[in-house]
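Structure at a glance
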Amino acid sequence: VTDYYTIRWNDGVVRMIDQRLLPQEEIYRDYYTHQEVAQAIHTMVIRGAPAIGAAAGFGMALMAMNSQAQSIEEMVSDLHQAATVLKAARPTAVNLTWALERIISVVNENLHENLPDLINIVITTAQHIADEDVIVNQMIGQVGNVLVPDGANIIHHCNTGALATVGYGTALGVIRCAHESGKQVHVYVDETRPRLQGARLTSWELLKLGVPHTVIVDGASGHIMRTKKIDLCLVGCDRIAANGDVANKIGTYNLAIAANFHHVPFYSVGPTSTLDLSTSYGDEIPIEERDAGEVACIGEQKIIPNQAKVYNPAFDITPAKLITGIITEKGIAKPPYLKSLRKITQVYGEENE
Ligand code: MRU
């Protein structure tokens, strides 16, 4: 239990903490339409793969509630329209599409219901998506905890805590579980340029959890691996391709290369809702490019020359061969991922092939 929350359905209103203002201000905002939720996802009021999946689900619930549809057919058409708007909010994290598809498929199974019941079914499904996320993250924490030695020094990239999910966290959930199980752990927190999710959010969450940590610039991780004893790297994931390539926050690939060079185990952590078996390779994953201002400015201050060009990919692909294992709520997938990831969707337990 934390004294903050990422997102909640509150009597037909979606309430989210505005993550753009953390750690300086803890402000919650209310959203009344699916368009407003899409905008909140796009502008990163809410961010992190599982969290935007849950937000998309609640966006659909808002459409179901607010729709003027007089028939099931009109409702289905409105829901499809809302799904299109929500899907366009951000392209890389597959959890967004996953949540939308889950709601559409539940709707398709219940076309025989009357309109008020169908509306309730959409709202309940959105709430299930959110509730399940917390349980799944706690399971991920326990699965991953076996890999964390007592006294571990861990490098973590981006933000994967309760704020990036509905609660508990993925990679940060593993760290939290290790800490709560009595292990001494210390985390080197990559600041995660340009949006500084590590410096602003991960550090804030680790402080609240009482987990010892040190914030570093992204470029310091190689030096730290060379000069200190690092036991493992833990990162999140926004989409896992069938072959084990993983899309995650920009800078993850660099960290994986450094970890490989220094023989530091490198784990990607996420729920199976981040697994996209319909995507064969990492290069098929759409990589979001964000505004140049995120790189060109720090706060309101422009830091690069006016004429300088900026390229700002928000995610990168880490090839499967750099990943020691993929930690999910259903176990740890190990290479070869083509086989272990397929299997993990069906079985529980560790894959060691
Ligand atoms: O651009 P963001 O902040 O939405 O980036 C996403 C991340 O925080 C991580 O890459 C991610 O979603 C890992 S899974 C919690």
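Please read these numbers as outputs of a predicted model, since none were measured by experiment. (Residues numbered from 1 in each chain as written. Predicted model: local features only at pLDDT ≥ 70, side-chain atom pairs only at ≥ 80, totals over all residues. Heavy atoms only, no water.)

1. Regarding the sheet that holds strand β2 (residues 13-17)
Spatially, three strands are ordered β1-β2-β3 in an open sheet, and the strand pairing comes out antiparallel. Each edge of the open sheet is held by one strand with a lone partner, namely β1 (7-10) and β3 (28-31). Averaged over all pairs of adjacent strands, the angle between their axes in this sheet comes to 25 degrees, without regard to strand direction. Here four bridges tie β1 to β2, and the two strands are oriented antiparallel to one another. The residue bridging R8 from the neighbouring strand is R15, located in β2. Packed onto the sheet, helix α2 (residues 49-66) meets β1, β2 and β3 and runs at close to 20 degrees relative to β1. (Pairing = 2+ DSSP bridges. Helix = DSSP H or I, 4+ residues; strand = E, 2+ residues; numbered from the N terminus. Axes fitted to C-alpha atoms, helices over the stretch in contact; angles between N-to-C directions. Contact = heavy atoms within 4.5 Å.)

2. Here's the deal with the site of the ligand
The environment of the ligand is made up of 18 residues, and the closest members are R47, R90, Q197, D238 and K249. In this structure, an oxygen atom belonging to the ligand sits 2.8 Å away from a side-chain N or O atom of Q197. Side-chain polar atom of K249 to an oxygen atom of the ligand: 2.7 Å apart, as the coordinates give it. In isolation the ligand offers 400 Å² of accessible surface; the protein chains occlude 99% of this area. If you map the ligand onto the pockets, it falls in the largest cavity. (Near = heavy atom within 4 Å. Polar contact = N/O pair within 3.5 Å; in protein donor to acceptor, adjacent residues only side chain to side chain. Areas by Shrake-Rupley, 256 points an atom, 1.4 Å probe, with all protein chains shown as cover. 1 Å grid on protein atoms, 1.4 Å probe; cavity = no way out; pocket = protein on both sides within 12 Å on 5 of 7 lines; lining within 4 Å. Sits in = over half its atoms within 2 Å of the grid points.)

Purely geometric numbers; function is a separate question.
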